[in-house]
Amino acid sequence: MSEAVEAAERNLAHNYHPLEVVVETGEGAWVTDVTGRKYLDCLAAYSAVNFGHGHPVLVAAAKAQLDRITLTSRAFHNDRLAPFATALAALAGKDMVLPMNTGAEAVESGIKVARAWGYRVKGVPHDRATIIVADGNFHGRTTTIISFSNDPDARADFGPYTPGFVSVPYGDAAALEAAIDENTVAVLLEPIQGEAGIVVPPADYLPAVREITSRRNVLFIADEIQSGLGRTGATFQCDNVGVVPDLYLLGKALGGGIVPVSAVVGNHDVLGVLQPGQHGSTFGGNPLAAAVGLAVVELLATGEYQERARLLGARLRASLDRLVGFGIVEVRGAGLWAGIDIDPALGTGRQVCELLMERGVLAKDTHGSTIRLAPPIVVEAAELDWAVEQLEAVLAELRG
């Protein structure tokens, strides 16, 4: 294992600091390293593996498509893309899909669509469009996106920065409305802030944002790349609070943990502003991605995974809440997605994750003392209980 880690350190750019585990295989909620040791995956590739490693339905869809055709580009139609777009639009209650590859591409695409809508529909003067975002946001790491981040790790030394964004406190609807002016074209928000530590806004926040944006003729763009597609116990986190945005930004789980698939989903009155030649992607909407994406949508259409995440999430939350005051300061989350603030006096989030790894649980830290748990939705209740037992043991060890 050390040879693989050393090779990675030597030959890969150091834009990540992974735990020192070298994964070789995976099945369901579990992965196995090159030495044969098994670990419960409680990160699920930041929600990209919502349906578990090697889900048989998704693997079958990918294998079948590999034998047919994998890429045509959008210069031609392919027989997989329209069924995927139709099913995804229906799942979201919308009528149009813009297929892309990565989550950051979906965000960039949503920004372009909002600006075009602002100029062509709302009548904002040329090059004056602004988009309101939230402090603590994480929407990706491209140069435009990091321009409106306030995370120094993501932003520092990558300027000059793209103008056109106004940041307001997350969860503060009054501050958001005060920032809207005649040039505002959209509000871009995560329904739950993931990288910030699974930060859940007040229950009335997103409904207020929806009311404000509708009244002020501003688009509401929901970045559901991590929170969507079953993770929070609903198809979208927006469903949990009863709101429907103008645009959904989707990714991660949409590719079933097999291929990168992302999308902007909305109605014709917004997505219809794009005309041929104004936006595109060589791999966006490729037949392999569409085949897997369609299989993902069909799994979600049953409602089984959303219900499973809701019920197991309640079990996970109850178990974690019992540890508050015993090394945990606060627990936040929804469905099978938990942000856990570790008492800084005990250690960092990284240290806790390293100790969890030694006990066979893989998790990820963020912002110093916070760790995140987001196991695949196929995880079993007993496996969840075991993971929390390992966390409890780690906290006891740190308390001495």
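Residues numbered from 1 in each chain as written. Predicted model: local features only at pLDDT ≥ 70, side-chain atom pairs only at ≥ 80, totals over all residues. Heavy atoms only, no water.

**Focus on the overall build of the chain**
For clarity, the threshold we go by: Helix and strand labels come from DSSP, where a helix needs a run of H or I of at least four residues and a strand needs a run of E of at least two; each type is numbered from the N terminus. Between the two quantities, the radius of gyration covers C-alpha atoms and the globule rule is 2.2 Å times the number of residues to the power 0.38. Type-normalised accessible area, obtained with a 1.4 Å probe on protein chains alone, sets the label of each residue: buried when under 20%, exposed when over 50%, and partly exposed for intermediate values. Throughout, a residue-residue contact means that at least one pair of heavy atoms, one from each residue, lies within 4.5 Å. All accessible areas in this document rest on Shrake-Rupley with a 1.4 Å probe, and a residue is counted as covered only by the protein chains that are shown.
Each helix and strand in the chain was counted, giving 15 helices and 15 strands. The C-alpha radius of gyration computed for the chain amounts to 21 Å, which stays within 12% of the reference 21 Å derived for 400 residues, consistent with globular compactness. Over its C-alpha atoms, taken along the principal directions, the chain stretches across nearly 65 × 55 × 45 Å. For the chain, the proportion of its 400 residues judged to be buried stands at 53%. Sequence separation of 24 or more characterises 72% of the internal contacts of the chain that already satisfy a separation of 6 or more. Total accessible area on the chain is roughly 17100 Å²; 53% of this is exposed by carbon and sulfur atoms.

**Re the side chain of S281**
This is how the line gets drawn: N or O atoms within 3.5 Å of each other form a polar contact, as long as, within protein, one can give a hydrogen and the other can take it, and as long as residues adjacent in sequence are counted only when both atoms are side-chain atoms.
Relative to the helices and strands, S281 resides in the loop between α11 (268-271) and α12 (287-301). For S281, a relative accessible area of 19% puts it in the buried group. A distance of 2.8 Å separates a polar atom in the side chain of S281 from a polar atom in the side chain of N101. With sequence-adjacent residues up to four places away left out, S281 is seen in contact with R74, M100, N101 and E105.

**Points about helix α9 (residues 205-215)**
Among all positions of α9, only Y205, L206, V209, R210, I212 and T213 are buried. In this fold, the buried residues of α9 make contact with α8 (173-179), β7 (184-189) and β8 (219-223). Two residues or fewer after α9 comes N217, characterised by a positive phi angle close to 60°.

**Notes on the sheet that holds strand β14 (residues 364-366)**
Strand pairing in a sheet relies on backbone hydrogen bonds, with the paired strands running either antiparallel or parallel. Applicable threshold: When DSSP finds at least two bridges between two strands, those strands are taken to pair. Where helices are involved, their axes are fitted lines through C-alpha atoms of the stretch in contact, as for all axes, and angles between N-to-C directions lie from 0 to 180°.
One open sheet holds the 4 strands; their spatial order is β11-β12-β15-β14, and the pairing between them is antiparallel. The strands lining the two open edges of the sheet, one partner per strand, are β11 (328-333) and β14. In this sheet, neighbouring strand axes are inclined to one another by 25° on average, regardless of whether the strands run parallel or antiparallel. With 4 bridges connecting them, strand β12 (residues 338-342) and strand β15 (residues 370-373) associate as antiparallel partners. Paired with G339 across the two strands is R372, which belongs to β15. Those strands touched by helix α13 (residues 304-321) are β11, β12 and β15, and its axis lies near 165° from that of β11.

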